[in-house]
Amino acid sequence: MHLITLDSQTDFEGWRTAARSLVLHEVKPTDVTWIVRGDESELFAPAAEALPLETPLGTFQATFNVSAKFVELAQSAILHRDPERFAMLYRLLWRLRGHHHLLEVATDPDVALLTVMAKAVRRDEHKMHAFVRFREVGREQKAHYVAWFEPEHHIVELAAPFFARRFADMPWSILTPDACAHWDGHAVSITPGVGKAEAPTEDRLEETWRRYYASIFNPARLKVKAMQSEMPKKYWRNLPEASLIKPLIAGAERLTGAMIANAATEPHKSQKRPEPSMKHETSGDIATLREEAADCRACPLWKDATQTVFGEGPPHARIMLVGEQPGDKEDLAGKPFVGPAGQMLDRALQEAGIDRTKVYVTNAVKHFKFVPRGKIRLHQKPATPEIKACRQWYERELAAIKPALVVAMGATAAQSVFGKITPINKNRGQLIELEHGIQALVTVHPSYLLRLPDPDARALEYQRFVDDLRIVAAMLKKHAA
Ligand code: URA
């Protein structure tokens, strides 16, 4: 039996060096025990045999290689909390020598386990990006920002660079039971984990978070289940806004109840459009796409954004609205069009007689692109390579939703919808055929209206925008009939 002691729970380099040497010495996976320094048990010591970690020279096997895909998955999976992960990875490495395409066999139990572990780690990383809340300790020049978080896996070192980029100009510490990350404005350092008692609980930032959360909460779009799966209850206790969740949900339910009670008493028209036969499968498709997109690395925008902001709306919506990319508020909330442009859009939709809850709303680019300016994140227009890299998600959303009409709002959306640069003014306000009987309508982006300095021009352009949306409303009516 060979005993391999890794330096830490996240020691990928140690695992890689040992695994390579073990393979080259022909040591079978069943003959290896993996442990982490500090977890050593007396039990292993007598039977264990040390292995020279250098590569045996002159052997022809010394040249074996593994794919970049395996390395990438292994780097994520090694951060999983399952103590069996080191052994599972070595078993796979061992088997990959004789079966180069093994990773493509999704039903293989080791491959399936590797995939599940890597995915769980990436999901945990996203949750940490989205749910860490800093609290201020000290004031003004001496302020330091401290957060408490309990990750499921060993992801503190993985997630720390994101916070260093995002909060570059404030000194912070993220405390967790496994490890703590600290940023002094120059470098990230990692120290051992601590107990929750070390983390602060209340400060003056709490109220800011609570106000922000209440401002983006829209009762008309409340989906408790989806909300809880995005923000699982275990994270609530560290979120200042958590105290608002229950009252806001209860308030939304009261509001909805009142709306139903006050609704017109006309008999409901019979549903003309047949229910899709595979309703769950199709809605599952969008849910699966959303999950896949959460890990999208097709362009570099994911690095600085909080999360992927995927489309939202009924999985069989007749209308699909496409915007440019999430802004600051959308990036934090994980929902499209909840900031100022979203409010402008909501107002225009209402004026045109369109119920937003019946429309699928998405963006051409699904990560926020910005440059930091002090504490502010300044929106940057996405570049063509980013639009192209993200287009796969728009195409897959389109295939899953199968809307009758796609509305491209602004130049970036038009570029994504038509697959090429498409001038707005030349194409605006007319129905254009896409493939598969889907039609498209081009109009301006709501934030264009927000940027117009002249109030008269703004009012005029707003009316033109509403007029374009009236074409959409007419189409919806035609379909309903
Ligand atoms: N602008 C967009 O294009 N999309 C959003 O979601 C918000 C602002």
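Everything below is about the structure printed above this text.
Residues numbered from 1 in each chain as written. Predicted model: local features only at pLDDT ≥ 70, side-chain atom pairs only at ≥ 80, totals over all residues. Heavy atoms only, no water.

**Q** Before we move on, could you go through the overall build of the protein and cite the residues and values that matter?
**A** Per the secondary structure count, the protein includes 17 helices and 14 strands. Counting all 481 residues of the protein, 46% fall into the buried class. Put simply, 73% of the contacts in the protein that link residues at least 6 apart link residues at least 24 apart. For the protein, the accessible area works out to roughly 25200 Å², and carbon and sulfur atoms hold 57% of it. (Helix = DSSP H or I, 4+ residues; strand = E, 2+ residues; numbered from the N terminus. Buried < 20%, exposed > 50% of the residue type's maximum accessible area, 1.4 Å probe, protein only. Contact = heavy atoms within 4.5 Å. Areas by Shrake-Rupley, 256 points an atom, 1.4 Å probe, with all protein chains shown as cover.)

**Q** Account for the sheet that holds strand 3 (residues 135-137), naming residues and giving values.
**A** Within the open sheet, the 5 strands sit side by side as 3-4-5-6-7. Their pairing is mixed. Either end of the sheet is taken by a strand with one partner, and the two such strands are strand 3 and strand 7 (188-192). Along the sheet, successive strands turn relative to each other by an average axial angle of 25°, direction set aside. Here helix 5 (residues 156-166) sits on the sheet and contacts strand 5 (172-175), strand 6 (179-183) and strand 7; the angle it forms with strand 6, its principal contact strand, is near 20°. (Pairing = 2+ DSSP bridges. Axes fitted to C-alpha atoms, helices over the stretch in contact; angles between N-to-C directions.)

**Q** Please set out the site of the ligand residue by residue, giving values where relevant.
**A** The environment of the ligand is made up of Gly323, Glu324, Gln325, Pro326, Gly327, Glu330, Pro336, Phe337, Ala341, Asn363 and His445. Take Glu324: an N or O atom from its main chain is 2.7 Å from an oxygen atom of the ligand. Surface burial for the ligand is 93%, taken as the share of its 240 Å² of free accessible area covered by protein chains. A class-by-class count of the residues in the shell around the ligand yields 4 nonpolar, 5 polar and 2 charged. (Near = heavy atom within 4 Å. Polar contact = N/O pair within 3.5 Å; in protein donor to acceptor, adjacent residues only side chain to side chain. Nonpolar A, V, L, I, M, F, W, Y, C, P; charged D, E, K, R; others polar.)

**Q** Tell me what's going on with the packing of aromatic side chains, and back it up with residues and numbers.
**A** For the coordinates displayed, the defined rule picks out 12 aromatic pairs. Note on Tyr90 and Trp94: the rings are 6.3 Å apart at their centroids and 55° apart in plane angle, and the pair reads as tilted. Placement of both Tyr90 and Trp94 in helix 3 (residues 85-96) is noted, with a separation of 4 residues, approximately one turn of the helix. In this pair, the class of Tyr90 matches that of Trp94, namely buried. Put simply, the rings of Phe12, Trp15, Trp34, Tyr90 and Trp94 pair up and form one aromatic cluster. The lysine or arginine in question, Arg97, covers the ring of Trp94, its NZ or CZ lying 4.2 Å from the ring centre. (Phe/Tyr/Trp six-rings, centres within 6.5 Å; stacked < 30°, edge-to-face > 60°. Lys NZ or Arg CZ within 6 Å of the ring centre and 35° of its normal.)

**Q** Go over the environment of Val27, please, and point to the residues and values.
**A** By secondary structure assignment, the location of Val27 is in the loop between helix 1 (12-24) and strand 2 (32-36). What makes Val27 buried here is its relative accessible area of 7%.

**Q** If you had to explain helix 12 (residues 340-352) to someone new, which residues and values would you point to?
**A** Between its first and last C-alpha, helix 12 extends 19 Å over 13 residues, near the 18 Å set by a 1.5 Å rise per residue. Inspection of helix 12 places Ala341, Gly342, Met344, Leu345, Ala348, Leu349 and Ala352 among the buried residues, and these make up the whole buried set. One side of helix 12 carries all its buried residues, which in axial view fall inside an arc of 160°. Among the exposed residues of helix 12, those pointing more than 90 degrees away from its buried face are Pro340 and Gln350. Those residues of helix 12 that are buried are in contact with strand 8 (319-323), strand 12 (405-409), helix 16 (446-451) and helix 17 (455-480). Just downstream of helix 12, Gly353 is the residue with a positive phi angle, here 85°. (Expected span 1.5 Å × (residues − 1). Arc of directions from axis to C-beta.)

**Q** So what's going on with the environment of Phe368? Which residues, and what values?
**A** On the secondary structure map, Phe368 appears in the loop between strand 9 (359-363) and strand 10 (370-373). A relative accessible area of 2% means that Phe368 is categorised as buried. In the structure, Phe368 is positioned 13 residues away from Lys381 in sequence and 9.5 Å away in space, judged by C-alpha atoms. Not counting chain neighbours up to four residues away, the residues in contact with Phe368 comprise Leu301, Ala305, Gln325, Pro326, Gly327, Asp328, Asp331, Arg377 and His379.

**Q** Give a description of the pattern of salt bridges that names residues and reports values.
**A** Scanning all chains against the criterion turns up 25 salt bridges. Between Lys335 and Glu312 there is a salt bridge, and its shortest N-O distance comes to 2.9 Å. With Lys335 in the loop between helix 11 (328-333) and helix 12 and Glu312 in the loop between helix 10 (279-293) and strand 8, the pair connects residues that are 23 residues apart, well separated along the chain. Classification of Glu312 by relative accessible area gives buried; the value is 14%. Residue Arg428 is joined to Glu461 by a salt bridge in which the shortest nitrogen-to-oxygen separation is 3.5 Å. In this pair, Arg428 sits in the loop between helix 15 (424-427) and strand 13 (432-433) while Glu461 sits in helix 17, placing the two residues 33 residues apart along the sequence. You'll find Arg428 and Glu461 in the same group, each marked buried. (Salt bridge = Lys/Arg side-chain N within 4 Å of Asp/Glu carboxyl O.)

**Q** Can you explain the packing of helix 4 (residues 109-131) against helix 5? Please cite residues and give values.
**A** Packed helix pairs are characterised by how far apart their axes lie and by the angle those axes make with each other. It is at 10 Å that the axes of helix 4 and helix 5 come closest, and there the two elements cross at 35°. Helix 5 is crossed by helix 4, and the crossing has right-handed handedness. On helix 5, the residues that touch Val121, Glu125, Met128 and His129 of helix 4 are Leu158, Ala159, Phe162 and Phe163. (Left-handed = near helix turned anticlockwise from the far one by under 90°.)

**Q** Which residues make up the packing of helix 13 (residues 384-401) against helix 14 (residues 411-418), and what values go with them?
**A** Their axes nearest at 9 Å, the elements helix 13 and helix 14 cross at an angle of 55°. One finds that helix 13 runs oblique with respect to helix 14. At the point where helix 13 passes helix 14, the crossing takes the right-handed sense. Within the contact between the two elements, helix 13 uses Thr384, Ile387, Arg391 and Tyr394 and helix 14 uses Thr412, Gln415, Ser416, Val417 and Phe418. When its residues are assigned to classes, the contact of helix 13 with helix 14 shows 4 nonpolar, 4 polar and 1 charged. (Parallel < 35°, antiparallel > 145°, perpendicular 65-115°, else oblique.)

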